[in-house]
Amino acid sequence: MRVENENTCVWEGSFPELLEGKDGNGTQMKAQYDIGKFPKGLVIGIVAIIVAAAVGGVVLMMRKKPA
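Residues numbered from 1 in each chain as written. Predicted model: local features only at pLDDT ≥ 70, side-chain atom pairs only at ≥ 80, totals over all residues. Heavy atoms only, no water.

We now examine the overall build of the protein chain. Secondary structure summary: the protein chain contains 2 helices and 2 strands in total. The C-alpha atoms of the protein chain give a radius of gyration of 27 Å, which is well past the 11 Å a tight globule of 67 residues would have. Its C-alpha atoms give the protein chain principal-axis dimensions of roughly 80 × 30 × 15 Å. Counting all 67 residues of the protein chain, 0% fall into the buried class. Entry remark: accessible area of the protein chain is about 6800 Å², with carbon and sulfur atoms responsible for 62%. (Helix = DSSP H or I, 4+ residues; strand = E, 2+ residues; numbered from the N terminus. Rg over C-alpha atoms; globule rule 2.2 N^0.38 Å. Buried < 20%, exposed > 50% of the residue type's maximum accessible area, 1.4 Å probe, protein only. Areas by Shrake-Rupley, 256 points an atom, 1.4 Å probe, with all protein chains shown as cover.)

Below, the discussion takes up the pattern of salt bridges. The final tally for this structure, using the stated rule, is 1 salt bridge. Note that Arg2 and Glu4 form a salt bridge whose closest N and O atoms lie 2.7 Å from each other. Assessed through its relative accessible area of 47%, Glu4 is described here as partly exposed. (Salt bridge = Lys/Arg side-chain N within 4 Å of Asp/Glu carboxyl O.)

Let us look at the confidence of the model for the protein chain. Taken as a whole, the protein chain shows an average pLDDT of 82; of its residues, 94% reach a score of 70 or greater. At the low end of the mean pLDDT range in the protein chain sits helix α1 (residues 15-20), at 77; at the high end sits helix α2 (residues 40-63), at 93. (pLDDT = per-residue confidence, 0-100.)

Side chains of Phe38, Leu42, Val43, Ile46, Val47, Ile50, Val51, Val55 and Val59 sit close together on the surface and give an oily, nonpolar patch of about 810 Å² of accessible area. Among the structural elements, Ile50 can be located in helix α2. Look at Ile50 and you get exposed, because its relative accessible area is 55%. (Patch = residues over 30% accessible without salt bridge, like charges linked within 9 Å, V, L, I, M, F, W, Y side chains within 5 Å.)

Note: strand β1 (residues 2-5) against strand β2 (residues 8-10), 3 bridges, orientation antiparallel. In the strand pairing of β2, Val3 is matched with Cys9. Here β1 folds back onto β2 in antiparallel fashion, the turn holding 2 residues. (Pairing = 2+ DSSP bridges.)

Turning our eyes to something else, we now look at the environment of Ile46. Assignment of secondary structure puts Ile46 in helix α2. On a C-alpha basis, the gap between Ile46 and Arg63 in space is 26 Å, while along the polypeptide they are 17 residues apart.

Structure follows, in structure tokens:
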């Protein structure tokens, strides 16, 4: 394995060689990734839009007069 930068590492070799392990008895491979976090401002903006739409819908429904 070699590390290219803080976000990338590379395993080199064939898949059977990688699974074989150092002693030839096999090994277990695990991988994990993270897409990062959403900016706080974006999350707050989305929540504000949803709340405004819900409040607007309730107000419009209350203003309608039955026929």
